[in-house]
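Okay, here's what each chain looks like letter by letter:
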Amino acid sequence: YVGIVRDISERKLAEQALAESEAALALSNAQNESILRAVGDGILAIDVEGRVAAINPAAAHMLRMSMEDALGKRTLELGSLTKADGSPYGDHEHIATKVIEQGLEIQVEDDLLTRADGTTIVIDRIVTPLHNSQDSATVGIVMTRRDSTERARMDRAKAEFLAMTSHELKTPVTAIHAAVGLVVSGALGALPEKADALLRTASSN
């Protein structure tokens, strides 16, 4: 008989290394998915054609649709984004286009997101370029969205309160200032030295 012996140690080592690498990759992917699911902010990965490549539960909840329904859709189908004052973004103002062309992170506050069901919320956005791991080419963007509707409501309430308080104080303070000025001017007679100094301080302030 003829026997052939072949040393396959290197092949076995390579197979073992490949299996370990695949296991590590699977673990890393599972960890990343768990993190994305746990994050409270909405996260979307969008390709250069403007289609949703990945989305986490928080982003789907913000859009009021399922993750399955959002995947593959263009961002315009998920809702429209306008500036804080309600005006639309111009052709040369689209954040995603700027990020892809310039390769820079851009943050925007108080955008208005009108969802597919017609409801509107206020959001803050952070948009960063998404790079290919092999050649670092930009293949899309990652958009992080935070619902800031409640914060915007509180800011409006604060501004309204300050405006109302200022208006309510203006009339009595004006009357007090006029009366003090009249007394300081001497129209009502001479004042004791200490009283005159105090009233002049009140009038000037």
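As a starting point, this report considers the structure included with it. (Residues numbered from 1 in each chain as written. Predicted model: local features only at pLDDT ≥ 70, side-chain atom pairs only at ≥ 80, totals over all residues. Heavy atoms only, no water.)

1. Concerning the overall build of the protein
Next, step 1: From N to C terminus, the protein includes seven helices and six strands.
Next, step 2: N-terminal to C-terminal, the α/β element order of the protein is α-β-β-α-α-α-β-α-β-β-β-α-α.
Next, step 3: In terms of C-alpha radius of gyration, the protein reaches 32 Å, well past the compact-globule figure of 17 Å for 205 residues.
Next, step 4: In terms of overall dimensions, the protein has a C-alpha envelope of 135 × 40 × 30 Å along the principal axes.
Next, step 5: Sequence-distant contacts, at least 24 apart, represent 43% of the contacts inside the protein between residues at least 6 apart.
Next, step 6: Surface accessibility of the protein: about 14,400 Å² in total, with carbon and sulfur atoms responsible for 58%. (Helix = DSSP H or I, 4+ residues; strand = E, 2+ residues; numbered from the N terminus. Rg over C-alpha atoms; globule rule 2.2 N^0.38 Å. Contact = heavy atoms within 4.5 Å. Areas by Shrake-Rupley, 256 points an atom, 1.4 Å probe, with all protein chains shown as cover.)

2. Some thoughts on the environment of alanine 116
Next, step 1: Looking at where alanine 116 falls in the secondary structure, it is placed in the loop between strand 4 (106-115) and strand 5 (120-131).
Next, step 2: For alanine 116, a relative accessible area of 59% gives the class exposed.
Next, step 3: With 68 residues separating them along the chain, alanine 116 and valine 184 place their C-alpha atoms 66 Å apart.
Next, step 4: Not counting the four nearest positions on each side in its chain, alanine 116 is found in contact with Glu77, Leu78 and Gly79. (Buried < 20%, exposed > 50% of the residue type's maximum accessible area, 1.4 Å probe, protein only.)

3. So, the pairing of strand 5
Next, step 1: Note that strand 4 and strand 5 share seven bridges and pair antiparallel. Opposite leucine 112, over in strand 5, you have valine 122 as the bridge partner.
Next, step 2: In sequence, strand 4 turns back onto strand 5 through a hairpin of four residues, with glycine 118 there showing a positive phi of about 95°.
Next, step 3: Of the strand pairs in this sheet, strand 5 and strand 6 (residues 138-147) are connected by nine bridges, and their pairing is antiparallel. When the bridges of strand 6 are listed, isoleucine 123 appears paired with aspartate 147. (Pairing = 2+ DSSP bridges.)

4. Concerning the sheet that holds strand 1 (residues 42-47)
Next, step 1: Taken in spatial order, the six strands of this open sheet run 2-1-6-5-4-3, and their pairing is antiparallel. Both outer strands of the open sheet, strand 2 (52-55) and strand 3 (79-82), are each paired with one neighbouring strand and no more. For this sheet, the mean inter-axis angle between neighbouring strands, taken without regard to orientation, is 35°.
Next, step 2: Bridge count between strand 3 and strand 4: four bridges; the pairing is antiparallel. Its bridge partner lying in strand 4, serine 80 is registered against threonine 114.
Next, step 3: Relative to strand 5, helix 6 (residues 149-184) is tilted by about 130°, and along the sheet it contacts strand 4, strand 5 and strand 6. (Axes fitted to C-alpha atoms, helices over the stretch in contact; angles between N-to-C directions.)

5. Quick word on unusual backbone geometry
Next, step 1: Of note in the backbone geometry, arginine 64 takes a positive phi value of approximately 60° without being a glycine.
Next, step 2: Phi is positive for aspartate 110, close to 60°, though the residue is something other than glycine.
Next, step 3: Exposure remark for aspartate 110: the relative accessible area of 25% places this residue in the partly exposed category.

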